[in-house]
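Structure at a glance
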There are 2 protein chains.
Amino acid sequence: MIMMKYSGYKGKVLAINLTTKKTSALEVTDEFARKYIGGNGFAVRYLFDMIDPRMDAFDVPNVVAMMTGPFQGINSPTAGKYYMATKSPLTNGYFDSVSGGFIGAQIKYAGYDGFLITGKSDKPTYLFVEDGKVEFRPAEKIWGKLTGETQEIIKEEVGDPNLCVSAIGPAGENLVRYACVITEYRAAGRGGVGAVLGSKKLKAIAVRGSGTNEVADPEAYEAWMQWYKDEAKKVPGIAVGLPTYGTPALVASIGKMLGAMGSYNHQTEFFQNWENISGERLKKEFWDKDTACPACPIACSKVFSAKSGKWKGAISEGPEYETIYSLGSMCGIDDPGAIIKGDSLCDEWGMDTVTYGVMVSFLMEAYEKGIITKDNTDGVEFKFGNDDAMIAHIEKTAKREGIGNLMAEGSLRAARVIGGGSERFAIQVKGLEIPGHSARALRGMALGYSTATRGGSHHDPRPTGEYAGASDRKAVEGKAAWVIGTQQMTAIGDSLVNCHFLERLLGFTLTQKWVDMINPVTGFGYTLEELTTVAERILDLERAFNVRTGIRRKDDTLPRRFLEEPIPEGPSQGMYTDEPTLNRMLDDFYALKGWDPKTGIPTREKLAQMGLEDVADCLTKSGISC
Amino acid sequence: MIMMKYSGYKGKVLAINLTTKKTSALEVTDEFARKYIGGNGFAVRYLFDMIDPRMDAFDVPNVVAMMTGPFQGINSPTAGKYYMATKSPLTNGYFDSVSGGFIGAQIKYAGYDGFLITGKSDKPTYLFVEDGKVEFRPAEKIWGKLTGETQEIIKEEVGDPNLCVSAIGPAGENLVRYACVITEYRAAGRGGVGAVLGSKKLKAIAVRGSGTNEVADPEAYEAWMQWYKDEAKKVPGIAVGLPTYGTPALVASIGKMLGAMGSYNHQTEFFQNWENISGERLKKEFWDKDTACPACPIACSKVFSAKSGKWKGAISEGPEYETIYSLGSMCGIDDPGAIIKGDSLCDEWGMDTVTYGVMVSFLMEAYEKGIITKDNTDGVEFKFGNDDAMIAHIEKTAKREGIGNLMAEGSLRAARVIGGGSERFAIQVKGLEIPGHSARALRGMALGYSTATRGGSHHDPRPTGEYAGASDRKAVEGKAAWVIGTQQMTAIGDSLVNCHFLERLLGFTLTQKWVDMINPVTGFGYTLEELTTVAERILDLERAFNVRTGIRRKDDTLPRRFLEEPIPEGPSQGMYTDEPTLNRMLDDFYALKGWDPKTGIPTREKLAQMGLEDVADCLTKSGISC
């Protein structure tokens, strides 16, 4: 057993090689833990060091990090989660994805802070990790199975109905670039981590352990948990909105009140039929029960089902707001039954609902504009509102059949191939499709998506503060500082591997409250200043990872539609961020970050301040001026 | 019909989109033809403009260029060839591959200077191009077939036993990173063009046409052909060596006389049993008949077969010298029967013999050193000399079965995954395995491989001049200029899409004789100065393509073994190029090229001199200082 000064760690990350079937333990030192916290921070450091930037996401040496932070396995109400990261087949850059699931705690109980999975099995395999032992088990008979059945079969095989299993579906096996990883009904959804596991012929990872995880100051930690539970009751969104409606509550506030819910592939952002897909209607007509991540008192997850209508019988844990946007308003579909059906099928086949829905809406627009025709769509009328097409192509995409083979590539690659000016309306940044938080109605998200490590992600920058009015959504002045603050907050949240809804209690940017949460568990004795440095270190490392793959200021931008076409109607009518305005915000952003304004490369000075001289050296050796 | 001032062109390159099944013709202007000639020059310009550097080789928008030069279809004795280029799945950089085959002429006769193939079919397809017409034909029933049978089935389907067909084998279908394209028995061998076609589900391309190709000055061209035939008789290698023994003649000269034929994965370069695999023995005991590229009087190809022994019945067109090196001396195998068998199987399954053999020798060394064990090799004793293992794993690699799944990745990626310090003896540069021309015994090849666009290729720099004594193989002074000259020559040769053996008559670097060959056909009225500029323009564009994918000076290097371990025995005992010496030559090289000495990026000044201001702008916009 490894003795560490700090708590919340097992002191060991296990490197697992699917080619040689060997494993080796990497020691987590106190210094490393304090510098990188866990989750996001651990993963980006390992991946920066391990991944040759010139290798593809599907290259056999690519690495998938499956990580925990100090909060897993201590019954934290906000940390029933685990963390995955890899080089993404959608963005070619660093990509992480956080998912609900008790498997994070089990990794700790098995004696590890995380896994680094590399190589490639020759045959379908799943991993069974139990305490110190790793088994590479044959998965031929579950290859091709849906994610739910896969988990069931493995639980049965191990003989443990409570076993935690993270699995990919056929989409991952077939290298759909946005395939996800499913644990119970939660998804490490975005950016194609599931496809990278598929390329490694790794069907699933099952973990259980008999150990524990410890906190530095149990009394202070108990006090913090009590504080959290009390505070949570005071914030209406957390106390009422999320428990009652889940994230679908946002349809009314974003879709109706703000008129900022992308619709018809962002030809508009005001969905006339918003009421049909609202949280209120879902609760009233489709709700079955609430569910929750382990130990979470909020229980924002809902099981919905269609009790009547065309999609009667459809049932899903979800859909979340993002899915109502992507499969619903974006595709011009207002029947919650179809969205519930699509949500469950995406989970079962194992692909990201956001990218899938935006991919469909992109093709619908291309079809209606005549850029593609029935010759390309296997004869299907690919028009907005065609819920049959949206549903039918989930399986076709997962199997790469017919036009599903193109849809498996994501909208950027599809636009590059079908041409006809369609890249203008491919709603993506750096290859990742944008979710349901408007880049036109929220200035912070315009800058945020442009600069996010992951591209079109609302978990790098966060829209929540602008919704809450903590930052004026129309402001340009001071917006760069705000966005940086949100990104620092998510970098820390993802390193702790905690739920982002914490932000409503702790602050949308880094605050002393974040420090007060971390110290009792880890014993770091962080100041806010040190924590901010940790966040910047992680973000600069992510950027350095991306810079080595060729990402520069030129890539920090938005789809042309967002830069040139104002929102045409509704409460946010007329809003958008034009290119000069985006450039002003970008100039501010790079100046504050200490990144070169021309290239967007972190300067040597900045990297040195963050204790990343070796990263600067590495860039220089790679012929990149920093 | 497009009227051009210059001859040797049809004035049209056809863009073929496998996703939308649409085609569109791009006009070849006189200016474009004069600036880029054809083949290599055309392809690198199109690919630089078309390929997003951040996308993978297997990304659906990747492009495969299939090109001709002005010499195809005019019965030239040295141009029975065609040219392919793409972004390589081995090197991630620009990669071209020239193959023998009458299909080059047929492309001209069909009315095109070449094809640009992009997108991805949902189902296995082959292309049938006849005059102005393109058919996308179903290939389900030939998917999985070997390359020979594939060509036969398509010929039968079209009802034309003389139809020219370029096809991939199962290796290409299964994305073996060094899968090739086979036309008759010739291979566009290196760098994985076949895998890119496989990723596009394109099994084959069949072309025939009823047109012609014209030359500018028929009389002068006739005179040149006569001059060529007369000259060819005066050069012993061309007049006697190649016609009699083919390239296996080199086993005696390189292997025995020079002691510079990599053996046992370059643990030595003197293969004690060289005589067993020599051209003389092959001719005496294994020769069946001579064959030739269309219209070539040299007929360097041989059909060899094993008349007795363990591999009795094995028959192949080939093996060439490179294959005798890779499947033979590198693997410690001295039975030509095994090499013939391996050669034919690699052709049939559709993979590059050089990379495959070096991949096997790499694993043999890793196995003997205990870095991998029987646990990793499906129980096979992977020792040097095990010809059964070498043969058996061709099919396993093509199908990605067992350790074949790792072997399909090439030695660099394999080394990264198996670790144990094995990258030191992965005999590759930039991901491409080095062929049978010593980087230790030939100083020009040390610098040449290091700087070659393709990495470990002997068709960017050329060893021939050093063998012939035209450049002192031990010299360091002046070597950079020599290597640049050879690279300029191959850039022009590959743009003309001509055989490299021309160099023995026209000069190992660019000379007036090259000019005299080109002008009668094209009517360009080139001077040697202008031709040299064309060569530099093409080479700078190749470098710019690679620079955008992250290639820099750091990548211009050799395997550690070559930089640190002298040849241990034989006539070249003690020779190698250490790192300081390589760096001296690199400094000279970049200075002469006008590339930045720190990064290896072409300077803006140099690019402007080459008429590539737009390329400099493109690099700058990408955040790359030039």
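In every chain, residue numbers begin from 1 and rise along the written sequence. Following the order in which they are written, the chains are lettered starting with A and the ligands numbered starting with 1. Whole-chain, interface and lining totals are the exception, using all residues; otherwise, since this is a predicted model, local features are given only for residues with pLDDT of at least 70 and side-chain atom pairs are given and counted only at 80 or more. Hydrogens and water molecules were not included; the side-chain quantities draw on all heavy atoms of the structure.

**A look at the relation of the copies chain A and chain B**
If you rotate chain A by 180 degrees and push it 0.0 Å along the axis, it lands on chain B with an RMSD of 0.0 Å. Viewed as a symmetry operation, the transformation between the two copies matches a two-fold axis. Residue contacts follow a heavy-atom distance rule, with two residues in contact if any of their heavy atoms lie within 4.5 Å. Interface residue correspondence from chain A to chain B reaches 100%, placing this contact among same-surface, isologous pairings. The superposition of copies rests on a least-squares fit of C-alpha positions from residues with pLDDT of 70 or more in both.

**A word on the packing of aromatic side chains**
Two rings from Phe, Tyr or Trp (for Trp, the six-membered ring) form a pair when their centres sit within 6.5 Å of each other. Planes less than 30 degrees apart are called stacked, planes more than 60 degrees apart edge-to-face, and all others tilted. Following the criterion strictly, the structure yields 40 aromatic pairs over all chains and no others. On the basis of an interplanar angle of 40 degrees and a centroid distance of 5.5 Å, the ring pair of A:Phe362 and A:Phe425 is categorised as tilted. In this pair, A:Phe362 is assigned in helix 13 (residues 353–368) and A:Phe425 in the loop between helix 16 (411–418) and strand 16 (428–429), connecting sequence segments 63 residues apart. In this pair, the class of A:Phe362 matches that of A:Phe425, namely buried. Relative to B:Trp227, the ring of B:Trp224 has its centre 6.5 Å away and its plane inclined at 40 degrees; by these criteria the two rings are tilted. A residue pair is termed a helical-turn pair when its members lie 3 or 4 positions apart in one helix, as B:Trp224 and B:Trp227 do in helix 7 (residues 218–232) at three residues. The classification of residues rests on relative accessible area computed with a 1.4 Å probe and restricted to protein chains. Under 20% of the type maximum is buried, over 50% is exposed, and intermediate values are partly exposed. We classify B:Trp224 as buried; its relative accessible area is 6%. Linked through ring pairs, A:Tyr6, A:Tyr9, A:Phe32, A:Tyr36, A:Phe42, A:Tyr46, A:Phe524 and A:Tyr526 together constitute an aromatic cluster. Over the aromatic face of A:Trp287 sits the side chain of A:Lys283, whose NZ or CZ is 4.1 Å from the ring centroid. In this description a helix means any DSSP run of H or I spanning at least four residues, a strand means any run of E spanning at least two, and both kinds are numbered starting from the N terminus. Criterion for a charge above a ring: Arg CZ or Lys NZ at most 6 Å from the ring centre, at most 35 degrees from the ring normal.

**Overview of the interface of chain A and chain B**
Contacts between the two partners involve 46 residues from chain A, matched on the other side by 46 residues from chain B. Buried surface area refers to the total accessible area, computed with a probe of radius 1.4 Å, that the two partners give up upon joining, counted for both partners together. Together chain A and chain B conceal approximately 3800 Å² of surface at their shared face, both sides included; 45% is due to carbon and sulfur atoms. Its largest share of buried area at the contact with chain B, chain A owes to A:Arg54, A:Asp56 and A:Val417, together 19% of the area lost on that side. Salt bridge criterion: a side-chain nitrogen from Lys or Arg within 4 Å of a carboxyl oxygen from Asp or Glu. On inspection of chain A and its partner chain B, the count reaches 12 salt bridges. A salt bridge links A:Lys120 to B:Glu409; the nearest nitrogen and oxygen atoms lie 3.2 Å apart. As used in this structure description, the phrase polar contact means that two N or O atoms lie within 3.5 Å; if the pair is within protein, one of them must be able to donate a hydrogen and the other to accept it, and residues adjacent in sequence are counted only when both atoms belong to side chains. Counting the contacts that link chain A with chain B gives 26 residue pairs in polar contact (both at pLDDT 80 or more). Listed by contribution, the elements that provide at least two residues to the side of chain A that touches chain B are helix 15 (404–407) and helix 16 of chain A.

**Brief notes about the state of the cysteines**
All names here are of chain A. When two cysteine sulfur atoms are found within 2.5 Å, that pair is recorded as a disulfide. Tallying each qualifying case throughout the model produces zero disulfides over all chains. Considering cysteine sulfurs only, Cys296 is the nearest to Cys499, which forms no disulfide, with 6.5 Å between them. Cys499 sits in the partly exposed class, given a relative accessible area of 21%. Of all cysteine sulfurs, the one in Cys626 lies closest to Cys618, which takes part in no disulfide; the gap is 9.4 Å.

**As for the sheet that holds strand 11 (residues 186–188) of chain B**
Residue and element names in this part refer to chain B. With mixed pairing, the six strands of this open sheet are ordered in space as 8-7-12-9-10-11. The outermost strands of the open sheet, each flanked by one partner alone, are strand 8 (133–138) and strand 11. Taking each pair of neighbouring strands and ignoring which way they run, the sheet shows an average axis angle of 20 degrees. Only strands joined by at least two bridges in the DSSP assignment are considered to pair. The sheet contact formed by strand 7 (residues 125–130) and strand 8 spans six bridges and is antiparallel. Among the inter-strand pairings, Glu130 is bridged to a residue of strand 8, identified as Lys133. Each of strand 7, strand 8, strand 9 (164–167), strand 10 (181–183) and strand 12 (202–208) is contacted by helix 4 (residues 147–158), which is oriented at about 140 degrees to strand 9, the strand it contacts most. Axis definition: a line fitted to C-alpha atoms, over the contacting stretch in the case of helices. Angles run 0 to 180 degrees between N-to-C directions.

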